[in-house]
Amino acid sequence: VEKLTMGWGSNPIEYIDEITDSLIEKRIIGKESKWNGYRFPTVDPSAEGALHAGLRKVIFDEEDPDMFNLSLIILAQQADSHKIFSRPFMYSIMTKDEHKKVKPR
């Protein structure tokens, strides 16, 4: 993630690749080829749970985010902003009711 802060470019794919590569290295997700791209299934449910718990601390307990968590939150918000009726990334971290209560900071 530190690579992202060293040279902010204009190619979002580079950022996504850095984040997914980091999650793969940490054995949180895997990478599988599909006919229309890739899918990233969870490899270790306990690591995913710890990741969600860390993100919830940042979002709800106003804990200061590290660069990794901040990057994940920004990517999830951006990915979700392209959906009209759902928030697949943020709703994996919180309920719809909790999402309505989140205030920007």
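This text gives an overview of the structure that appears in the document. Because the structure is predicted, anything quoted here is derived from the model rather than measured.

## A closer look at the overall build of the protein
Counting secondary structure elements, the protein contains five helices and two strands. In the protein, the order of α-helices and β-strands from amino to carboxyl end is α-α-β-β-α-α-α. For the protein, the proportion of contacts with a sequence separation of at least 24, taken over those separated by at least 6, is 33%.

## Overview of the packing of helix α3 (residues 45–60) against helix α4 (residues 67–80)
For the pair α3 and α4, the least separation of the axes is 10 Å and the interaxial angle reads 85°. With respect to each other, α3 and α4 are oriented roughly perpendicular. Of the residues in α4, those touching α3 at Leu 51, Gly 54, Leu 55, Val 58 and Ile 59 are Phe 68, Asn 69, Leu 72 and Ile 73. A class-by-class count of the residues in the contact of α3 with α4 yields seven nonpolar, two polar and no charged.

## Remarks on the nonpolar core
Counting residues in hydrophobic clusters, the biggest one holds 16 residues, and the most contacted among them are Leu 23, Ile 28, Leu 51, Leu 55, Ile 59, Leu 72 and Met 90. At the level of elements, α2 (12–25), α3 and α4 are the ones that each hand at least two residues to this core. Take this core: its biggest share by element is five residues, from α3.

Conventions we followed
Residue numbers restart at each chain and count upward from 1, following the sequence in its written direction. Side-chain atom pairs in this predicted model are given and counted only at pLDDT of 80 or more, local residue features only at pLDDT of at least 70, and totals for whole chains, interfaces and linings cover all residues. Side-chain measures here rest on the full set of heavy atoms in the structure, leaving out hydrogens and waters. What counts as a helix is a DSSP run of H or I of at least four residues, what counts as a strand is a run of E of at least two, and both are numbered from the N terminus. Pairs of residues are marked as contacts when any of their non-hydrogen atoms sit within 4.5 Å. Axes here mean lines fitted to C-alpha atoms, for a helix over just the part in contact, with angles spanning 0 to 180 degrees between N-to-C directions. Here is the rule for angles: anything less than 35 degrees is roughly parallel, anything more than 145 is roughly antiparallel, 65 through 115 is roughly perpendicular, and the remaining ranges are oblique. Each residue is assigned to one of three groups, with Ala, Val, Leu, Ile, Met, Phe, Trp, Tyr, Cys and Pro labelled nonpolar, Asp, Glu, Lys and Arg labelled charged, and all others, Gly among them, labelled polar. For this analysis, a nonpolar core means a set of buried residues of the types Ala, Val, Leu, Ile, Met, Phe, Trp, Tyr and Cys, connected via side-chain atoms within 4.5 Å. Burial here depends on accessible area, computed with a 1.4 Å probe over protein chains only, as a share of the maximum for the residue type. Under 20% is buried, over 50% is exposed, and the range in between is partly exposed.

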